[in-house]
Amino acid sequence: VNIVDTLPAGLGYVAGSAVVTVPGTVTQVGQSAAPVVAGQTLTFNLGTLTNNQSDPADETITITYRVRVLDLPGVAHGDDLTNTAVVTTHCSTRPA
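Predicted, not measured: the structure shown is a model, and the values here were computed from it. Along each chain, residue indices are assigned from 1 in the same order as the chain's sequence is written. Where local features are concerned, this predicted model is filtered to residues with pLDDT of at least 70; where side-chain atom pairs are given and counted, the filter is 80 or more; whole-chain, interface and lining totals use all residues. To obtain the side-chain values, all non-hydrogen atoms of the structure were used and water was disregarded.

(A) How the structure looks around the overall build of the chain. Helix and strand assignments follow DSSP, with helices taken as H or I runs no shorter than four residues and strands as E runs no shorter than two, numbered in order from the N terminus. Helix and strand counts for the chain come out as zero helices and 10 strands. In terms of overall dimensions, the chain is more spread out than a globule: its C-alpha atoms have a radius of gyration of 16 Å, far above the 12 Å expected for 96 residues. Buried residues are those whose accessible area, probed at 1.4 Å on protein chains only, stays under 20% of the maximum for their type, while exposed residues exceed 50% and partly exposed ones sit between those limits. Per-residue burial over the chain gives 20% buried out of 96 residues. Contact definition: two residues touch when any of their heavy atoms are within 4.5 Å. When contacts within the chain are restricted to residue pairs at least 6 apart in sequence, those whose partners lie at least 24 apart make up 72%. C-alpha atoms define the radius of gyration in this analysis, and the globule rule sets the expected value at 2.2 Å times the number of residues to the power 0.38.

(B) Quick peek at the sheet that holds strand β1 (residues 2-6). Here, a strand pair is defined by DSSP locating no fewer than two bridges between the strands. Pairing within the open sheet is antiparallel, and its four strands lie in the order β5-β6-β1-β10. Two strands bound the open sheet, and with one partner strand each, they are β5 (36-38) and β10 (85-88). Shown here is a sheet whose adjacent strand axes are inclined to one another by a mean of 15°, direction ignored. Where β1 and strand β6 (residues 41-45) come together, five bridges link them in antiparallel fashion. Along β6, the bridge assignment pairs T6 with T41. Helix axes use the C-alpha atoms of the stretch in contact, all axes being lines fitted to C-alpha atoms, and the angles between their N-to-C directions lie in the range 0 to 180 degrees.

(C) Structural context of the side chain of S17. Along the chain, the position of S17 falls in the loop between β2 (11-13) and β3 (19-21). Polar contact criterion, stated in full: a pair of N or O atoms within 3.5 Å, where within protein one must be able to donate a hydrogen and the other to accept it, and residues adjacent in sequence count only if both atoms are side-chain atoms. Of note is the side chain of S17, whose polar atom sits 2.7 Å from the backbone oxygen of V14. In this structure, S17 is in contact with T64, Y65 and R66, ignoring residues within four places of it in sequence.

(D) A look at the packing of aromatic side chains. Any pair of Phe, Tyr and Trp rings, taking the six-membered ring for Trp, is counted once the centres come within 6.5 Å. Such a pair is stacked with planes under 30 degrees apart, edge-to-face with planes over 60 apart, and tilted for the rest. Considering all chains together, one arrives at two aromatic pairs under this definition. Taking the centre distance of 5.9 Å and the plane angle of 65° together, the rings of Y13 and Y65 count as edge-to-face. Here Y13, found in strand β2, pairs with Y65, found in the loop between β8 (62-64) and β9 (67-69); they are 52 residues apart in sequence, far enough to count as distant. One aromatic cluster in this structure is built from Y13, F44 and Y65.

(E) Spatial organisation of the pairing of β1. Here β1 shows one buried face, formed by I3 and D5, and one open face, formed by N2, V4 and T6. Where β1 and β10 come together, four bridges link them in antiparallel fashion. Bridged to V4 within β10 is V86.

(F) Here's a closer look at the environment of T62. With respect to the helices and strands, the residue T62 is situated in strand β8. When the C-alpha positions of T62 and V19 are compared, they lie 8.0 Å apart, and in sequence the two are 43 residues distant. With near-sequence residues (within four places) excluded, T62 lies in contact with V19, V20 and T21.

Quick look at the structure:
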């Protein structure tokens, strides 16, 4: 599972602030809490995730991190800075 977040102009990632929280019912292989940072793009590779419960309920993985509003031309007090991320996964079927 990969999560890619391209920060909008005017925001900067605070190094070392990322925390990935995975529920105890999920096994994670090959994970890394720290994102790979390339310019404004943060890439979190969560490795392979397996939900070990046999119920149909979804599990929630939470990623939190801090950003700073940068003092740049074109970024004014009161501006809205919208941030979105993209999740990429190759899902297998849930256990019956």
